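# Inside the fold
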Amino acid sequence: MSRPLPLHRGVSGMRNLSNSNDFWDSEVKDKTEKEDLDRNRASDQSYLSLRFPFRLLCPDNSPSKYGITENGFASDPFSVGSPRSRHKLTVLFLKLSLVVIVILALTGSFWWTLSISTLSRGHIFHGYRRLQEQLVLDLWDIGELSLGASRMKEIDFCPEESENHIPCFNISENLALGYSDGSEYDRQCGQGSRQSCLVLPPVNYKIPLRWPTGRDVIWVANVKITGQEVFTSGSLTKRMMMLEEEQISFRSASLMFDGVEDYSHQIAEMIGLRNESNFIQAGVRTILDIGCGYGSFGAHLFSKQLLTMCIANYESSGSQVQLTLERGLPAMIGSFNSKQLPYPSLSFDMLHCARCGIDWDEKDGIFLIEVDRVLKPGGYFVWTSPLTNVQSFLRNKEKQKRWNFVRDFAENLCWELMSQQEETVLWKKTSKKNCYNSRKPGSGPPICSKGQDVESPYYRPLQNCIGGTHSRRWLPIEERPTWPSRSNLNKNELALYGLHSEELNEDTTDSRTAVRNYWSLLSPLIFSDHPKRPGDEDPSPPYNMLRNVLDMNARYGGLNAALLEAGKSVWVMNVVSTSGPNYLPLILDRGYVGVLHDWCEAFPTYPRTYDMVHADGLLSLETSQHRRCTMLDLFTEIDRLLRPEGWILIRDAAPLVESARALTTRLKWDARIIEIESNSDERLLICQKPFFKKQAM
């Protein structure tokens, strides 16, 4: 039985041991084939890395690295001699060619892409920036949505005891901090004075009656006052009220007093006028009523086109300011105790104090110096007090001493004592600056230096010097145009405020358009119980629901002027933000009322004060500053100031209005966005504060 021969991989044939020459030839041939094989392996390694990516495209289906001959022996696949070897070389060449073609194609594509990017780099870059900005906004929106209820949670209601609370006025806290001698009633705004909750109205709160009925009759439940406080009110103007079941009625005449009409008529006669209707002709338009009682003096003068701003100390109950505001009349919390009022120098035509509770002889007459600062040249100071009654001097030497101090100090301020009747005294401030230099040396307070004489102070400490003398606005009231011509300033007058007539004209035109648009949008809602079509005349009183408007960014007072021009029976509190240009002197000189304010602090008034809040450009103004408060803080304060069912109008850049709209949900406001003009980047946000009749659980 023959034994099978072994197979040798890598050898082309079998060795024959019987023939030595054949053996040598065989070795030489094997050596030559081995060298060829090594060279081929080296070349195979050189293109292996290029061939690898295309193995799936051109797979090698041979069962082994070397071919197997038909007789079962191993053969060299790289042998040139055989047809199979030539075929494989051809395949290898095709593979190498394919690799080269692919490399050239990739290289050309790279350089082509690079050249395109270089030529259009600007367009691609700007497009990328737009896509990036949109992506950021989209991601922000997605983030807001993903936060869900935790981020957009509605703000909680304040506890019941906060229904009349005013931030920055906390008497017990001020006493604990060491304030005394009246300064505990002053405004102290700390870092934590803001509220982060929504103030609820009293349990039995009712929507105020419409003007003019609501000016003379208010709901008892809407204010913090008891029947006992009504009956024991001792002020001259406080006594002009009657408690009738659920209402308080204010009357211009009373059995206990001759009446506000007679009183104002008396003041006019002391000036030398026929009656109070002639105040306008004497240059009197704006009046600051200090310790105003419940606003009866200003309510009577309102019908005479006279605008009276009531200021009084903070009171936790029975507040003069709160009841005056509930009547829809101008009022705010103000104090002469230790700080200057947030009004410019030379602001008012008349200051009135009827038993206002201020001891003018205290602190070396510094309170009278503040009166002089805010009084216009030629303006009037009216003081009604038992201290001024001549008959009482004979019985009380202390009263005579106090009266003598006030009289002499007023003379040293260059005030002229015009008249004195019973308990009422009337002075006229000098209209001539040289009066101060003609005084005897050391006979009165000095004139403030330019550094001390700040035209628009913001709650600065009271100054013991005469202010306003360095102002370019020093102009006697008799030389000013009378109302209503006073509201339209000419080119030379505007130059005093650094304005051109074109700027005021543009503001006036914009405000007129805005008022027309606002009234068209709101009329069907405001006058819902007396329907009217947009553009129709307003219904006669008492169907006018809007009594007052808070203009949070008043600029030049354009909204106020437009409302008056359109015949709307509302008054406007013009607020000039401390963040922007100060045109409050211009507003007051035009015959309007206003105040300087920092909107990161609480406004000095009680909750539920205004029927409408207007903010044009305020968000842009506040966000341009490095503020210490947020938009939500601002909106929470607006909610506190607004009466239930009151309106908010916010006009600003579209992105800011969109952000504001997102916050209205948290405040529970009903809101919608109006596109003002198709080509404008501004939007109008209209909101209404709901009336929550039940206390939060």
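A brief structural summary. Values in this document were obtained by computation on a predicted structure and should not be read as measured data. (Residues numbered from 1 in each chain as written. Predicted model: local features only at pLDDT ≥ 70, side-chain atom pairs only at ≥ 80, totals over all residues. Heavy atoms only, no water.)

### Brief notes about the pairing of strand 17 (residues 682-688)
This is how it is decided: Think of it in three bands: with a 1.4 Å probe and only protein chains considered, a residue is buried below 20% of the maximum accessible area for its type, exposed above 50%, and partly exposed in between. Strands are runs of DSSP state E lasting at least two residues, helices are runs of H or I lasting at least four, and both sets are numbered from the N terminus onward. Two strands make a pair as long as DSSP finds a minimum of two bridges between them.
Most of strand 17 sits inside the fold, with five of its seven residues counted as buried. Pairing of strand 16 (residues 670-675) with strand 17, which is carried by six bridges, proceeds in the antiparallel orientation. The residue bridging Ala671 from the neighbouring strand is Cys687, located in strand 17. Between the end of strand 16 and the start of strand 17, which pair antiparallel, lie six residues.

### Comments concerning a negative patch on the surface
Applied cut-off: Only residues whose relative accessible area exceeds 30% and that form no salt bridge are eligible for patches; like-charged ones are grouped when within 9 Å, while nonpolar side chains (Val, Leu, Ile, Met, Phe, Trp, Tyr) are grouped when within 5 Å. For accessible areas, the Shrake-Rupley method is used with a probe of radius 1.4 Å. Any residue's cover is judged against the shown protein chains and nothing else. Here, a salt bridge means any side-chain nitrogen of Lys or Arg that lies within 4 Å of a carboxyl oxygen of Asp or Glu. Positive charge is attributed to Lys and Arg, negative charge to Asp and Glu, and no charge count is given to His or to the chain ends. One atom stands in for each charge, and that atom is NZ of Lys, CZ of Arg, CG of Asp or CD of Glu.
A contiguous patch of negative charge, built from Glu502, Glu503, Glu506 and Asp510, is present on the exposed surface. Within the secondary structure, Asp510 is located in helix 16 (residues 501-526). Judged by relative accessible area, Asp510 falls into the partly exposed class, the value being 42%.

### Description of unusual backbone geometry
Of note, the amide linkage connecting Trp483 to Pro484 takes the cis form, showing an omega dihedral of 5°. Tracing the sequence through the fold places Pro484 in the loop between helix 14 (434-437) and helix 15 (491-495). A positive phi angle is found at Arg355, which is not glycine, with a value near 50°. Inspection of the secondary structure assignment puts Arg355 in the loop between strand 7 (348-354) and helix 11 (366-374). Here Arg355 falls in the partly exposed class, since its relative accessible area comes to 34%. Positioned with a positive phi, Lys668 is a non-glycine residue whose angle comes to about 70°. With respect to the secondary-structure elements, Lys668 resides in the loop between helix 21 (654-664) and strand 16. You can call Lys668 buried: its relative accessible area is 14%.

### So, the packing of helix 20 (residues 631-641) against helix 21
Where we set the bar: Convention adopted: a line fitted to C-alpha atoms gives each axis, helices being fitted over their contacting stretch, and angles between N-to-C directions are expressed from 0 to 180 degrees. What sets the label is the angle itself: under 35 degrees gives roughly parallel, over 145 gives roughly antiparallel, 65 to 115 gives roughly perpendicular, and the rest give oblique. Here a crossing is taken to be left-handed if its near helix is turned anticlockwise relative to the far helix by less than a right angle, and right-handed if that turn runs clockwise. The criterion used for residue contact is that any of the two residues' heavy atoms lie within 4.5 Å. Residues are grouped as follows: nonpolar covers Ala, Val, Leu, Ile, Met, Phe, Trp, Tyr, Cys and Pro; charged covers Asp, Glu, Lys and Arg; every other residue, Gly included, is treated as polar.
Two elements in contact, helix 20 and helix 21, have axes separated by 11 Å at closest approach and are oriented at 60°. The angle between helix 20 and helix 21 places the two elements in the oblique class. Seen from above, helix 20 lies across helix 21 with right-handed handedness. Contacts between helix 20 and helix 21 pair Met631, Leu632 and Phe635 from the former with Leu656, Ser659, Ala660 and Leu663 from the latter. Considering only residue class, the contact of helix 20 with helix 21 consists of six nonpolar, one polar and no charged.

### Some remarks on the packing of aromatic side chains
As a reminder of what qualifies: Here the aromatic set is Phe, Tyr and Trp, taking the six-membered ring for Trp, and pairing holds for ring centres within 6.5 Å; pairs whose planes are under 30 degrees apart are stacked, those over 60 apart are edge-to-face, and all others are tilted. In this analysis the charged atom, NZ for Lys or CZ for Arg, is taken to sit over a ring once it is within 6 Å of the ring centre and within 35 degrees of the ring normal.
Applying the stated criterion across every chain, the model contains 22 aromatic pairs. For the ring pair Phe336 and Trp360, a centre distance of 5.7 Å and an interplane angle of 75° mean the geometry is edge-to-face. In this pair, Phe336 sits in the loop between strand 6 (331-333) and strand 7 while Trp360 sits in the loop between strand 7 and helix 11, placing the two residues 24 residues apart along the sequence. Pair check on accessibility: Phe336 and Trp360 agree, each one buried. Centre to centre, the rings of Trp599 and Phe603 are 5.7 Å apart; their planes meet at 15°, and the pair counts as stacked. You can call Phe603 buried: its relative accessible area is 0%. Against the face of Phe250 rests Arg327, its NZ or CZ located 4.0 Å from the ring centre.

Just distances and angles here, no functional claims.
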